[in-house]
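Structural description and commentary
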Amino acid sequence: MTRSASRRRYGIHARAIMADPRWSVLPLAARGMWLHLADTADVVTELRAPARGQALTVPDLARLLAADPAEVIGAVSHLVNRDIIEPVADGYRLKAY
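Predicted, not measured: the structure shown is a model, and the values here were computed from it.

Focus: the nonpolar core
One recurring pattern in soluble globular proteins: nonpolar side chains tend to sit buried together. Formed by 23 residues in total, the largest nonpolar core has its most connected members in Met33, Trp34, Leu61, Leu79, Ile84 and Leu94. Secondary-structure elements contributing two or more residues to this core are α2 (28-40), α3 (58-65) and α4 (69-81). Ranked by the residues each element gives to this core, the list is headed by α2, at 5 residues. What Leu61 contacts, discounting residues up to four positions off in sequence, is Met33, Leu37, Leu47, Leu56, Val72, Val76 and Tyr92.

Put into structure tokens, the structure is as follows:
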């Protein structure tokens, strides 16, 4: 029996993400962003499979994470370099979750 979306525990992806070899080389802000985006992607499907013109931009990610856009820019660059998120035409897509 599967849990409903409202009853899922936050952090369900944490064990898999923290076991990924890329985890240890990421700065703290990028680690936190990866964890938060992986859980959020269960509900916000645009994070994993954005429709044309609907990918999340840096300002969108900052609002979603309630974070400073300047910190999000730094974390995004680390996540792109490690092939965790990828740029799409109008924003970013989460590849590893």
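A closer look at α3
Residues of α3 that are buried include every one of Val58, Leu61, Ala62 and Leu65, and no others. Projected onto a plane normal to the axis of α3, the buried residues spread over an arc of 100 degrees and lie on a single side. Elements in contact with the buried residues of α3: α2, α4 and β2 (91-94). Phi for Ala66, located one or two positions after α3, is positive at around 55 degrees.

Remarks on empty space enclosed by the protein
To find the voids left in a structure, one rolls a probe of water-molecule size over its atoms. As enumerated under the stated definition, the model contains 1 cavity of 30 Å³ or more in all. Empty space within the largest cavity amounts to approximately 30 Å³. Leu37, Leu47, Leu61, Ile85, Tyr92, Arg93 and Leu94 are the residues that line the largest cavity. Looking at which element gives the most residues to the lining of the largest cavity, the answer is β2, with 3 residues. When the residues that make up the lining of the largest cavity are grouped by side-chain class, the tally is 6 nonpolar, no polar and 1 charged.

Cut-offs used in this document
Residues numbered from 1 in each chain as written. Predicted model: local features only at pLDDT ≥ 70, side-chain atom pairs only at ≥ 80, totals over all residues. Heavy atoms only, no water. Core = buried A, V, L, I, M, F, W, Y, C linked by side-chain atoms within 4.5 Å. Buried < 20%, exposed > 50% of the residue type's maximum accessible area, 1.4 Å probe, protein only. Helix = DSSP H or I, 4+ residues; strand = E, 2+ residues; numbered from the N terminus. Contact = heavy atoms within 4.5 Å. Arc of directions from axis to C-beta. 1 Å grid on protein atoms, 1.4 Å probe; cavity = no way out; pocket = protein on both sides within 12 Å on 5 of 7 lines; lining within 4 Å. Points joined across faces, edges and corners; volume = space filled by probe spheres on them. Nonpolar A, V, L, I, M, F, W, Y, C, P; charged D, E, K, R; others polar.

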